[in-house]
Amino acid sequence: MKKLAAGNWKMNGLEATLAEIDALASAHPAPGCDVLICPPATLLSRLSARAEGTAIATGAQDCHPNESGAHTGDVSAGMIADAGGAYVIVGHSERRADHGESDAVVRAKAEAAWRAGLIAIICVGETLDERDAGRTLDIVGGQLAGSIPDGATAANTVVAYEPVWAIGTGKVPTLAEIGEVHDDIRARLSARFSGEAAGMRLLYGGSVKPSNAAEIFGVSNVDGALVGGASLKAADFGGIVGALA
Ligand code: 13P
């Protein structure tokens, strides 16, 4: 399977930030992994145009479950595709926390993504309290069961494991902890989606940097990364792309 280096710019990025794409593309004209940038919705169309002819794919950070209608401020999956996006992140912990998104809402968003021909990156991950209580595998297992729709395939779904306490904190689980969760995710996906599960990419996310990327990518069932802060600068993200390729 082709591994994936995915950058989530979150609520960062203005016109001037698009220059990072040029730098990334020229440093990695033919990367050995898939490369994705998910900018804020305001930049998606411009970034997609700028990335044309490069190895960089683009996507969004969220979508509404409906195709269109009276949903002020929301963006539909069809609009993302229309703006040049190929992927959409759904169920990021920041959206689950800031916008109260439940597993059922995340599942509906993933279905909407598929209807528009997008690949859904479905995010799961435990809080520090949940980890300390020894509930990590139960929490992540419950999120997988509730957030991934029936019909998930290796082609339409990527799963991102992002421990909430590792996001933007500089704290990273041990390699053994990452491996334990990724192995468990693969086993649960195999039980539910049989043969398709082997080809579904499982990304680790949470304080991935050029300095720790290679060792994280060496962990079993880690097929790439979902990167926040270190995706904003071409030099940093390029280091992660290089570690994965
Ligand atoms: P950081 O890489 O900034 O920790 O963010 C991870 C993340 O939430 C990506 O979606």
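The coordinates are above.
Below is a short write-up of the structure. (Residues numbered from 1 in each chain as written. Predicted model: local features only at pLDDT ≥ 70, side-chain atom pairs only at ≥ 80, totals over all residues. Heavy atoms only, no water.)

**Here's the deal with the pairing of strand S3 (residues 56-60)**
Looking down a regular strand, the side chains alternate between one sheet face and the other.
Next up, step 1: Counting buried positions over the five residues of S3 gives four, a clear majority of the element.
Next up, step 2: Note: strand S2 (residues 34-38) against S3, three bridges, orientation parallel. Paired with Leu36 across the strands is Ala57, a residue of S3.
Next up, step 3: In this fold, S2 hands off to helix H2 (residues 41-51), which returns the chain to S3; that crossover is right-handed.
Next up, step 4: Two strands pair when backbone bridges link them, and S3 and strand S4 (residues 87-90) are joined in this way by two bridges, in the parallel orientation. If you follow Ala60 over to S4, its bridge partner there is Val88.
Next up, step 5: Of the crossover connections in this fold, the one passing from S3 over helix H3 (residues 77-82) to the parallel S4 is right-handed. (Buried < 20%, exposed > 50% of the residue type's maximum accessible area, 1.4 Å probe, protein only. Helix = DSSP H or I, 4+ residues; strand = E, 2+ residues; numbered from the N terminus. Pairing = 2+ DSSP bridges. Right-handed = clockwise from strand over helix to strand, strands pointing away.)

**Digging into the environment of Glu126**
Next up, step 1: Relative to the assigned elements, Glu126 resides in the loop between strand S5 (119-124) and helix H6 (128-132).
Next up, step 2: C-alpha separation for the pair Glu126 and Leu4, spaced 122 residues apart in sequence, amounts to 22 Å.
Next up, step 3: Those residues in contact with Glu126 that lie beyond four places of it in its chain are Arg131, Thr136, Ile139, Val140, Tyr161, Glu162, Pro163, Val164 and Trp165.
Next up, step 4: In this structure the side chain of Glu126 is engaged in a polar contact, spanning 2.8 Å, whose partner is the side chain of Tyr161. (Contact = heavy atoms within 4.5 Å. Polar contact = N/O pair within 3.5 Å; in protein donor to acceptor, adjacent residues only side chain to side chain.)

**Let's talk about the site of the ligand**
Next up, step 1: Near the ligand there are 13 residues, and of these Lys10, His92, Gly168, Ser207 and Gly229 occur at the shortest range.
Next up, step 2: Residue Glu162 places a side-chain N or O atom 2.9 Å away from an oxygen atom belonging to the ligand.
Next up, step 3: Judged by its atoms lying within 2 Å of the grid points, the ligand is housed in the second largest pocket.
Next up, step 4: For the shell around the ligand, the class distribution of residues is four nonpolar, seven polar and two charged. (Near = heavy atom within 4 Å. 1 Å grid on protein atoms, 1.4 Å probe; cavity = no way out; pocket = protein on both sides within 12 Å on 5 of 7 lines; lining within 4 Å. Sits in = over half its atoms within 2 Å of the grid points. Nonpolar A, V, L, I, M, F, W, Y, C, P; charged D, E, K, R; others polar.)

**Comments concerning empty space enclosed by the protein**
Next up, step 1: All chains considered together, the criterion is met by one cavity of 30 Å³ or more.
Next up, step 2: Looking at the largest cavity, its volume works out to about 30 Å³.
Next up, step 3: In terms of residue class, the lining of the largest cavity is built from seven nonpolar, one polar and no charged. (Points joined across faces, edges and corners; volume = space filled by probe spheres on them.)

**Here's the deal with the pairing of strand S6 (residues 157-161)**
Next up, step 1: Of all five residues in S6, five are buried; the element is thus mostly enclosed.
Next up, step 2: Residue alternation in S6 divides its side chains into two sets, Thr157, Val159 and Tyr161 and Val158 and Ala160, and both sets are buried.
Next up, step 3: Here S6 runs beside strand S7 (residues 201-205); their pairing, made up of four bridges, is parallel. Considered in S7, the bridge of Ala160 is made with Leu203.
Next up, step 4: Taken together, S6, helix H8 (residues 175-193) and S7 form a β-α-β motif whose crossover is right-handed.

**Structural notes on the layout of surface pockets**
Next up, step 1: One number sums up the size of the largest pocket: a volume of about 640 Å³.
Next up, step 2: Looking at the largest pocket, it is lined by 25 residues, and the ones nearest its centre are Pro40, Ala41, Gln61, Asp62 and Arg95.
Next up, step 3: Looking at the lining of the largest pocket, the elements that each hand over two or more residues are H2, H3 and helix H4 (93-98).
Next up, step 4: Taken as a whole, the second largest pocket encloses approximately 190 Å³ of empty space.
Next up, step 5: The wall of the second largest pocket is formed by 17 residues, among which Gly168, Ser207, Val208, Gly228 and Gly229 lie closest to the centre.
Next up, step 6: Partitioned by chemical class, the residues of the lining of the second largest pocket number five nonpolar, nine polar and three charged.

**Side note on the sheet that holds S4**
Next up, step 1: Pairing is parallel in the closed barrel, where eight strands are placed in the order S1-S2-S3-S4-S5-S6-S7-S8. Neighbour-to-neighbour, the strand axes of this sheet turn through a mean angle of 25°, independent of strand direction.
Next up, step 2: Note that S5 and S6 share five bridges and pair parallel. When the sheet's bridge partners are listed, Ala120 is paired in S6 with Thr157.
Next up, step 3: Along the sheet face, helix H5 (residues 103-115) touches S4, S5 and S6 and points at about 165° away from the line of S5.
Next up, step 4: Packed on one face of the sheet, helix H7 (residues 136-147) meets S5 and S6 and runs near 150° to S5. (Axes fitted to C-alpha atoms, helices over the stretch in contact; angles between N-to-C directions.)

The quantities given are spatial measurements derived from coordinates; they are silent on function.
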